[in-house]
Amino acid sequence: MPEFVMVLLGLTLVAFLYASVGHGGASGYLAILSLTSYATMSNEWLKQHAWCLNLIVAGIAFHHYRRAGHHNSTLTLPFIVTSIPAAFVGGLMVVNDVIYDTLLSFVLIWAAIRIMQGVGVDREDEVKLPMKSVAMGTGIGIGGVSGIIGVGGGIFLSPILVLRGWGTAKTVAATSAVFIWANSFAGLMGVVVRGGLDLDISILGPFVLCVILGGFMGARFGSAHSSQHTVRRLLAIVLILAALRRTLGMFGLWT
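Residues numbered from 1 in each chain as written. Predicted model: local features only at pLDDT ≥ 70, side-chain atom pairs only at ≥ 80, totals over all residues. Heavy atoms only, no water.

**Examining the packing of helix H1 (residues 3-19) against helix H9 (residues 201-225)**
Closest axis-to-axis distance for the H1/H9 pair is 7 Å, and the angle between their directions is 30°. Between H1 and H9, the crossing angle belongs to the class labelled roughly parallel. Crossing geometry of H1 relative to H9 is assigned as right-handed. For the pair H1 and H9, the contacting residues are Phe4, Val7, Leu8, Leu11, Thr12, Ala15, Phe16 and Ala19 in the first and Pro206, Phe207, Cys210, Val211, Leu213, Gly214, Gly215, Met217, Gly218, Ala219 and Phe221 in the second. (Axes fitted to C-alpha atoms, helices over the stretch in contact; angles between N-to-C directions. Helix = DSSP H or I, 4+ residues; strand = E, 2+ residues; numbered from the N terminus. Parallel < 35°, antiparallel > 145°, perpendicular 65-115°, else oblique. Left-handed = near helix turned anticlockwise from the far one by under 90°. Contact = heavy atoms within 4.5 Å.)

Here it is, written out as structure tokens:
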């Protein structure tokens with residue numbers, strides 16, 4: 001099977017899985033592309049294309065979760081207000097390959113471990129919203145890191161929200177989706193401002209069609225057909241898969 005076809009199938013699957021938990025899939029897209037000849041492209045090229053796919057899939061996921069009644073704007077807004085400028089500043093920064101790989105590997109492993117340590121809440125009456133100052137501070141940190149490494153931040157925000165009991169799994173998915181969209185857009189604008197935009201439309205076009213298909217099916221499944229418990233399990237799988245590729249790469253087992 002031609003490599004390009006395998007990439008398209010991989011992107012579709014990643015979009016389905018990530019959209020089912022309200023994520024855009026940037027870490028998954030980066031992993032897929034890193035297994036192919038696209039791995040020879042610069043980190044700048046990779047993260048910009050991942051951001052574009054993030055915008056589409058996170059937007060689809062948010063639409064489905066919001067329409068199903070799972071979005072809580074009171075929870076979402078404090079995180080977004082501070083994460084957007086932080087992601088913009090992060091997008092202005094250029095890091096070398098060693099720092100990029102080390103930072104991304106560390107945060108993915110941390111996120112995967114943390115989500116497996118908690119059970120979360122299933123009912124709205126069990127939810128305890130965070131103080132606005134805490135939410136805004138968290139948004140700054142996640143937004144900045146997301147802008148630097150080229151992801152939307154859902155892999156960091158979701159486990160925090162779930163483990164702290166700040167939302168049910170589906171509420172977390174809705175918040176993560178809009179958070180990811182905003183940070184991906186801000187990070188991409190940071191790249192535009194510093195004149196570093198490098199998108200290949202001939203490649204991006206087919207990628208976009210695949211993630212639209214996978215994202216639509218995944219978001220519909222997660223928001224309307226799966227239980228809160230299933231969404232948490234899917235989230236754990238997403239984080240583990242995102243961490244696995246980076247971990248193996250650090251030890252030279254996956255190049």
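**Comments concerning the pattern of salt bridges**
Per the stated rule, a full pass over the model turns up two salt bridges. In this structure, Glu44 and Lys47 form a salt bridge, with 3.3 Å as the shortest nitrogen-oxygen distance. Highlighted residues: Glu44 and Lys47, both in helix H3 (residues 43-67), separated by three residues, approximately one helical turn. Of the two residues, Glu44 and Lys47, both sit in the buried class. Salt-bridge contacts for Arg194 lead to Glu44; the nearest nitrogen and oxygen are separated by 2.5 Å. One end of the pair, Arg194, is in the loop between helix H8 (169-193) and H9; the other, Glu44, is in helix H3, and 150 residues separate them in sequence. Judged by relative accessible area, which is 17%, Glu44 ranks as buried. Salt bridges sharing common partners tie together Glu44, Lys47 and Arg194. (Salt bridge = Lys/Arg side-chain N within 4 Å of Asp/Glu carboxyl O. Buried < 20%, exposed > 50% of the residue type's maximum accessible area, 1.4 Å probe, protein only.)

**Section: a nonpolar patch on the surface**
A grouping of Val89, Leu92, Met93 and Val193 is seen on the molecular surface, where their side chains present a nonpolar patch of about 340 Å² in accessible area. The residue Val89 is located in helix H4 (residues 73-92) in this model. Val89 sits in the partly exposed class, given a relative accessible area of 46%. (Patch = residues over 30% accessible without salt bridge, like charges linked within 9 Å, V, L, I, M, F, W, Y side chains within 5 Å. Areas by Shrake-Rupley, 256 points an atom, 1.4 Å probe, with all protein chains shown as cover.)

**A word on the nonpolar core**
One finds Tyr29, Phe79 and Phe207 to be the most contacted residues of the largest nonpolar core, which totals 64 residues. For this core, the leading source of residues is H3, giving twelve residues. Setting aside its immediate chain neighbours within four residues, Tyr29 contacts Leu11, Val14, Ala15, Gly24, Ala50, Leu53, Asn54, Val57 and Val211. (Core = buried A, V, L, I, M, F, W, Y, C linked by side-chain atoms within 4.5 Å.)

**What to know about the environment of Gly196**
On the secondary structure map, Gly196 appears in the loop between H8 and H9. What makes Gly196 partly exposed here is its relative accessible area of 22%. Each C-alpha atom of the pair Gly196 and Gly91 lies 9.8 Å from the other, and the pair is 105 residues apart in sequence. Ignoring sequence-local partners within four residues, the contact set of Gly196 consists of Glu44, Gln48 and Val191.

**Brief notes about the confidence of the model for the protein**
Considering every residue of the protein, the mean pLDDT works out to 82; 81% of them sit at 70 or more. The secondary structure element of the protein with the lowest average pLDDT is helix H5 (residues 97-116), at 65, and the one with the highest is H9, at 92. (pLDDT = per-residue confidence, 0-100.)

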